[in-house]
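# Geometric and topological summary
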Amino acid sequence: MVVASPAPVRSEKTRPFTVPVIDPSCKRSELLLKACEDYGFFKVVNHGIPDSIIMRMEAEGLEFFARPMLEKQRAGPPNPLGYGCKNIGFNGDIGEVEYLLLHTNPLSIAQRSRTICKDPTKYCCVVNDYIEAVKGLTCEILELLAEGLRIQDKRILSRLIKDSDGDSLLRLNHYPCSSRDLNEDRDMTNQCQIGFGEHSDPQILTIMRSNDVAGLQILLADGVWFPIPPDPCAFFVNVGDILQAFTNGRFVSVRHRAMANNSFKSRMSTIYFGAPPLHARISPLPEMITPQNPCLYRPFTWMEYKKAMYSRRLGDNRLDLFHSS
Ligand code: GA4
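To start, this report covers the structure provided alongside it.

Turning next to empty space enclosed by the protein. By the definition in use, this model includes two cavities of 30 Å³ or more. Its boundaries defined by the atoms lining it, the largest cavity holds a volume of some 630 Å³. Those elements that place two or more of their residues in the lining of the largest cavity are β6 (93–103), β7 (169–175), β8 (194–199), β9 (205–210), β12 (235–239), β13 (256–259), β14 (267–274) and α8 (302–310). Roughly 50 Å³ of volume is contained in the second largest cavity. As for the second largest cavity, its lining consists of M208, S210, V213, A214, G215, L216, I228, P230, D231, F236 and R267. Of the residues that constitute the lining of the second largest cavity, the class distribution is seven nonpolar, two polar and two charged.

Encoded structure:
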């Protein structure tokens, strides 16, 4: 049987978009650089993260979201960490999603897991293994990028992620299917509801994996929303705001969203947000500044950036606040 591949989406300039696919084991940075410059988004295959680590994480996540609401609420409310349902952030954003937001520090995981799971020791082990694996992948990608950009200190970005004071997060998003909804009253008129609204990720790099249910969309430069076909064997990577700043705007922090789930199976995504320590100083790397590309952003700390992001709405552009005058 011949299976037709989906027609590529064409932009106004008639350039078709297909998701860039990167194999980090090839150690070649050209395609990776191009994906970060053109879209701020790509898919990683042949990532080397063992299936067992991924599957155990997925099983813990699904088990948690399947529990009665009152039990899940023991891990909340999200302030900003913990269990949340529909409310996103502190400024009125909502979506058809429930989630668990964790700090990746092992001590924080140990404390939280007591409110999340009946077997906290096992839970910690599963989550820490997953975090270590995706952190490794994040660092591998960042080192390949630094090499491609000819940055003198190849580890300048990965070191921020590896720092024991790093502020990286792990998020599990659960988009229940229409038959087992978070509302009892959703009807056919609401089929295009938003699961998680349009935004860019504030951190350096985001590493996302989901099950085989669709929902993620990215915004292309011409304003077209492109639905990303799910691939549970791969990881999807977003350039975050801070990487846009470090590269002086050469890489773009991709705007994306998740649609509410209309399939018969619930969607779950597990997302690692690689972030620097709170006091890390962020400014365009010297190699990224040239007479043709003068410095776009003033120096700021990750703490300042976080303060700005929590004071604003999900879809707001935060990096604009840090433009150099
Ligand atoms: C978007 C990316 C991550 O999911 C997140 C989100 C955070 C939250 O849910 O607490 C924010 C959002 C995210 C950016 C603006 C603020 C903060 C919700 C919100 C309205 C965990 C993150 O780091 O920033």
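So, about the sheet that holds strand β5 (residues 82–88). Taking strand neighbours across the sheet as the criterion, the eight strands line up as β3-β4-β12-β9-β14-β7-β6-β5 in an open arrangement whose pairing is mixed. Edge positions in the sheet fall to β3 (21–22) and β5, since each of these pairs with one other strand and no more. Two strands pair when backbone bridges link them, and β5 and β6 are joined in this way by six bridges, in the antiparallel orientation. Within the sheet, the bridge partner assigned to N87 lies in β6 and is I94. Contacts between helix α4 (residues 106–116) and the sheet are confined to β5 and β6, with β6 contributing the most and set at about 125 degrees to the helix.

Further remarks concern the sheet that holds β8. With antiparallel pairing, four strands are arranged side by side in an open sheet as β8-β13-β10-β11. The open sheet has two edge strands with one neighbour each: β8 and β11 (225–227). Taken pair by pair, the neighbouring strands of this sheet meet at an average axis angle of 25 degrees, ignoring direction. Bridge analysis of strand β10 (residues 216–219) against β13 gives three bridges, and the strand direction is antiparallel.

Moving on: the pairing of β12. Judged by how many residues are buried, β12 sits mostly within the fold: five of five residues are covered. Alternating residues of β12 divide into F235, V237 and V239 and F236 and N238, and every residue in both groups is buried. Note: strand β4 (residues 41–44) against β12, four bridges, orientation antiparallel. Among the inter-strand pairings, V44 is bridged to a residue of β12, identified as F235. For β9 and β12, the ladder comprises four bridges, and the chain directions are antiparallel. Paired with L205 across the two strands is V239, which belongs to β12.

The subject of this paragraph is the nonpolar core. Of all hydrophobic cores here, the largest spans 68 residues; its most connected members are L100 and I141. Broken down by element, this core gets its largest block of residues, 15 residues, from helix α5 (residues 120–148). Apart from residues lying up to four places away in sequence, L100 is in contact with F64, F65, A75, G82, Y83, I116, Y123, L170, R171 and L172. By size, the runner-up hydrophobic cluster in this structure holds 24 residues, among which are V19, Y39, V97 and A258.

What follows covers the pattern of salt bridges. Tallied over the entire structure, the rule returns 24 salt bridges. Taking the shortest distance from any N to any O, the salt bridge between E37 and R250 comes out at 2.6 Å. Here R250 lies in the loop between α7 (241–246) and β13 and E37 lies in helix α1 (residues 30–38), a separation of 213 residues in the sequence. The class of E37 is partly exposed, set by a relative accessible area of 26%. Judged by relative accessible area, R250 falls into the partly exposed class, the value being 38%. A network of salt bridges, in which partner residues are shared, links E63, R67, E71 and K118.

Rules used in this analysis
- Residues numbered from 1 in each chain as written.
- Predicted model: local features only at pLDDT ≥ 70, side-chain atom pairs only at ≥ 80, totals over all residues.
- Heavy atoms only, no water.
- 1 Å grid on protein atoms, 1.4 Å probe; cavity = no way out; pocket = protein on both sides within 12 Å on 5 of 7 lines; lining within 4 Å.
- Points joined across faces, edges and corners; volume = space filled by probe spheres on them.
- Helix = DSSP H or I, 4+ residues; strand = E, 2+ residues; numbered from the N terminus.
- Nonpolar A, V, L, I, M, F, W, Y, C, P; charged D, E, K, R; others polar.
- Pairing = 2+ DSSP bridges.
- Contact = heavy atoms within 4.5 Å.
- Axes fitted to C-alpha atoms, helices over the stretch in contact; angles between N-to-C directions.
- Buried < 20%, exposed > 50% of the residue type's maximum accessible area, 1.4 Å probe, protein only.
- Core = buried A, V, L, I, M, F, W, Y, C linked by side-chain atoms within 4.5 Å.
- Salt bridge = Lys/Arg side-chain N within 4 Å of Asp/Glu carboxyl O.

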